[in-house]
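Here is how the chains run, residue by residue.
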Amino acid sequence: MTAYIGRFAPSPTGPLHAGSLVAALASWLDARAHGGQWLVRIEDVDGPRCPPGMDALILQQLDQLGLRPDAPPEWQSRRSPLYEAALQRLIDAGQAYGCACTRAEIAAAAGPRQRHGELVYPGSRRNGTHGRPVRAWRFRVDGRIDWQDRRLGRQTQDLAVEVGDFVLKRADGLWAYQLAVVVDDADQGITDIVRGEDLADNTPRQIALQRALGLPLPRYLHTPLVLAPDGQKLSKQNGAAALDLSDPAARLREAAGVLGLQASGADLLPSLVTAWQARHGDNG
Ligand code: GLU
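Residues numbered from 1 in each chain as written. Predicted model: local features only at pLDDT ≥ 70, side-chain atom pairs only at ≥ 80, totals over all residues. Heavy atoms only, no water.

Looking at the packing of helix α3 (residues 80–92) against helix α6 (residues 177–187)
Inference 1: It is the contact of α3 with α6, at a shortest axis distance of 10 Å, that shows an interaxial angle of 105°. When the axes of α3 and α6 are compared, the pair comes out roughly perpendicular. Here α3 contributes Leu82, Tyr83, Ala86, Leu87 and Leu90 to the contact with α6, which in turn contributes Leu179, Ala180, Val183, Asp184 and Asp187.
Inference 2: The residue inventory of the contact of α3 with α6, partitioned by class, reads eight nonpolar, no polar and two charged. (Axes fitted to C-alpha atoms, helices over the stretch in contact; angles between N-to-C directions. Helix = DSSP H or I, 4+ residues; strand = E, 2+ residues; numbered from the N terminus. Parallel < 35°, antiparallel > 145°, perpendicular 65-115°, else oblique. Contact = heavy atoms within 4.5 Å. Nonpolar A, V, L, I, M, F, W, Y, C, P; charged D, E, K, R; others polar.)

Put into structure tokens, the structure is as follows:
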């Protein structure tokens with residue numbers, strides 16, 4: 001059996017909230033249930049969106065909750081050379097290309113095709129920059145990705161139709177989440193990705209990158225989302241409150257409830273590991 005290495009990878013745009021705690025707890029429980037390691041990676045590639053000190057606050061919140069990583073955390077902002085090398089490999093293999101398009105040009109070419117507020121990039125623009133400066137670097141998508149989620153079952157997405165050639169390095173010079181996450185998961189030897197269901201839709205892009213870079217494919221489990229009172233996904237963006245950690249056990253019980261787990265023993269976290277094992281231990 002391969003050794004299990006899991007991770008929690010928060011973007012430090014705000015403190016932990018009820019939704020991100022579910023992902024943190026689930027990834028921790030899955031690692032413990034498999035006798036594996038659990039790592040924390042601070043995903044601060046989008047520096048302007050990360051207020052100073054938020055990373056330290058998240059790490060402190062995790063500590064208060066008793067979710068402690070097995071190795072010192074990593075920060076994506078310190079790992080640019082790895083992303084640069086991966087981009088270069090994709091360029092050399094003809095799988096990434098420089099794109100000179102402005103937003104207005106993409107909008108004009110793509111018409112109304114939008115996905116989660118982002119324009120679907122038309123493949124017709126792949127054929128060179130015609131001497132204009134490169135703005136962003138994009139991945140050349142190709143076809144349908146089928147994949148298996150440990151909770152959601154079989155999934156499929158046609159990248160060419162639904163997503164288009166996606167950005168690896170942005171016009172403002174920042175690394176895109178898709179590239180950074182794939183490079184880091186492989187570099188850290190992550191075998192299992194457990195994270196919120198809102199990210200399931202990114203998984204086919206990440207699998208396409210893993211294949212193009214010849215990286216191992218991790219297993220995936222996407223957890224249920226916590227919904228805000230208006231039925232939307234609870235997120236930092238719609239003002240999710242920071243966790244009240246005056247009673248960490250109560251917060252852990254709430255997060256466990258979202259995962260369909262009940263603690264039966266006096267020792268909360270170990271009894272949740274047992275409950276998780278009963279639910280997810282035999283399918284991955
Ligand atoms: N950094 C991402 C977020 O906080 C999660 C990335 C991942 O788990 O793959 O939404």
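From this point, the narrative continues.
So, the state of the cysteines
Inference 1: In this structure the tally under the stated criterion is zero disulfides.
Inference 2: Free of any disulfide, cysteine 99 has its nearest cysteine sulfur in cysteine 101, 4.1 Å distant.
Inference 3: You can call cysteine 99 buried: its relative accessible area is 3%.
Inference 4: Here cysteine 101 falls in the buried class, since its relative accessible area comes to 8%. (Disulfide = S-S within 2.5 Å. Buried < 20%, exposed > 50% of the residue type's maximum accessible area, 1.4 Å probe, protein only.)

What to know about the packing of aromatic side chains
Inference 1: A complete count under the given rule lists three aromatic pairs for this structure.
Inference 2: Judged by centre distance (5.3 Å) and plane angle (40°), the rings of phenylalanine 139 and phenylalanine 166 are tilted. Here the residue phenylalanine 139 occupies a position in strand β7 (residues 136–139), and phenylalanine 166 occupies one in the loop between α5 (159–162) and β10 (167–169), the gap between them amounting to 27 residues. As far as the burial class goes, phenylalanine 139 and phenylalanine 166 line up, both buried.
Inference 3: Ring geometry for tryptophan 147 against tyrosine 220: centres 5.9 Å apart, planes inclined by 75°, an arrangement best described as edge-to-face. You can see tryptophan 147 sitting in strand β8 (residues 144–149) and its partner tyrosine 220 sitting in strand β12 (residues 219–223), a full 73 residues away along the chain.
Inference 4: Using a relative accessible area of 5% as the deciding quantity, one classes tryptophan 147 as buried. (Phe/Tyr/Trp six-rings, centres within 6.5 Å; stacked < 30°, edge-to-face > 60°.)

Comments concerning the side chain of threonine 191
Inference 1: In this fold, threonine 191 is placed in the loop between α6 and β11 (192–196).
Inference 2: Given the relative accessible area of 17%, threonine 191 is considered buried.
Inference 3: A polar side-chain atom of threonine 191 sits 2.7 Å from a polar atom in the side chain of aspartate 192.
Inference 4: When near neighbours in sequence (up to four residues on either side) are disregarded, threonine 191 contacts Ala3, Tyr4, Ile5, Pro218 and Arg219. (Polar contact = N/O pair within 3.5 Å; in protein donor to acceptor, adjacent residues only side chain to side chain.)

Focus: the site of the ligand
Inference 1: Near the ligand the following residues occur: Arg7, Ala9, Pro10, Ser11, Glu43, Tyr177, Val181, Arg195 and Leu199.
Inference 2: For the ligand, an oxygen atom lies 2.7 Å from a polar atom in the side chain of arginine 7.
Inference 3: Taken by itself the ligand offers 300 Å² of open surface, and the protein chains cover 81% of this.
Inference 4: Residue composition of the shell around the ligand, by class: five nonpolar, one polar and three charged. (Near = heavy atom within 4 Å. Areas by Shrake-Rupley, 256 points an atom, 1.4 Å probe, with all protein chains shown as cover.)

Keep in mind that these numbers describe shape and distance, not what the molecule does.
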